[in-house]
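Residue-level structural notes
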Amino acid sequence: MYQALTGIYQNYAPELNKYETLANYQGNLGKMGQEVIDSGYFKDLTEKHLISKVNYSIDDYLTLLSTLSPYIRLQREHRDGFFAELRQILQLNFDNQLELTYLSMMQMAHKS
């Protein structure tokens, strides 16, 4: 999906045109956990993660995006054009079903 939408993001909201792999997300979260341990205040870090897939209709997906702060902050004219083009590309490339993957991660450590 990212490849199909990158041009629209580049035109309307280049600051939102980023893609990170699952490995990158896990690595970044792992660094945060290590910083907690390195602080000396905690020990025995335990990490758990869950990957879930959610299906959205195009309307539901665009509604979801419209609730997120980075999209709300776009100037109204940009946002309207952006969402109109997103809808058009999504309708051309996807059969009204978008599957998104979410990573949920929990980190727990004991106080030293």
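Attention here is on the structure that accompanies the text.

Examining the packing of aromatic side chains
Scanning all chains against the criterion turns up seven aromatic pairs. Ring centres of tyrosine 9 and tyrosine 71 lie 6.4 Å apart, and the angle between their planes is 80 degrees; this geometry places the pair in the edge-to-face category. Of the two residues, tyrosine 9 is situated in helix H1 (residues 2-12) and tyrosine 71 in helix H4 (residues 69-72); the sequence distance between them amounts to 62 residues. Relative to tyrosine 61, the ring of tyrosine 56 lies with its centre 6.4 Å away and its plane at 55 degrees, an arrangement referred to as tilted. When its relative accessible area of 6% is taken as the criterion, tyrosine 61 is described as buried. Connected via pairs of aromatic rings, a cluster forms that spans Tyr9, Tyr12, Tyr71, Phe82 and Phe83.

Examining helix H2 (residues 22-38)
In this model, H2 (17 residues) spans 24 Å end to end at C-alpha, consistent with the 24 Å of a helix rising 1.5 Å per residue. Following H2 by one or two positions, glycine 40 has its phi on the positive side, about 85 degrees.

Quick look at the side chain of arginine 79
Position of arginine 79 among the secondary structure elements: in helix H5 (residues 76-93). Comment: no salt bridge for buried arginine 79; closest opposite-charge side chain is aspartate 80, at 4.8 Å. Among residues more than four places away in sequence, those in contact with arginine 79 are Tyr71, Ile72 and Leu74.

What to know about the layout of surface pockets
Space inside the largest pocket adds up to approximately 1,100 Å³. Lining the largest pocket are 22 residues; nearest its centre among them are Lys18, Tyr19, Tyr25, Leu100 and Thr101. Broken down by element, the lining of the largest pocket gets its largest block of residues, five residues, from strand S2 (residues 98-111). Considering only residue class, the lining of the largest pocket consists of 17 nonpolar, two polar and three charged.

A few points about the environment of aspartate 60
Checked against the element boundaries, aspartate 60 lands in helix H3 (residues 58-66). Along the sequence, aspartate 60 and leucine 98 sit 38 residues apart, while their C-alpha atoms lie 9.6 Å from each other.

Concerning the pattern of salt bridges
The final tally for this structure, using the stated rule, is one salt bridge. Note that arginine 87 is salt-bridged to aspartate 59, the shortest N-O span being 2.6 Å. With arginine 87 in helix H5 and aspartate 59 in helix H3, the pair connects residues that are 28 residues apart, well separated along the chain.

Description of the environment of leucine 5
Here leucine 5 lies in helix H1. Put simply, leucine 5 and leucine 90 are 85 residues apart on the chain and 8.2 Å apart in space, counted from C-alpha to C-alpha.

Parameters at a glance
- Residues numbered from 1 in each chain as written.
- Predicted model: local features only at pLDDT ≥ 70, side-chain atom pairs only at ≥ 80, totals over all residues.
- Heavy atoms only, no water.
- Phe/Tyr/Trp six-rings, centres within 6.5 Å; stacked < 30°, edge-to-face > 60°.
- Helix = DSSP H or I, 4+ residues; strand = E, 2+ residues; numbered from the N terminus.
- Buried < 20%, exposed > 50% of the residue type's maximum accessible area, 1.4 Å probe, protein only.
- Expected span 1.5 Å × (residues − 1).
- Lys, Arg positive; Asp, Glu negative; His and termini not counted.
- Salt bridge = Lys/Arg side-chain N within 4 Å of Asp/Glu carboxyl O.
- Contact = heavy atoms within 4.5 Å.
- 1 Å grid on protein atoms, 1.4 Å probe; cavity = no way out; pocket = protein on both sides within 12 Å on 5 of 7 lines; lining within 4 Å.
- Points joined across faces, edges and corners; volume = space filled by probe spheres on them.
- Nonpolar A, V, L, I, M, F, W, Y, C, P; charged D, E, K, R; others polar.

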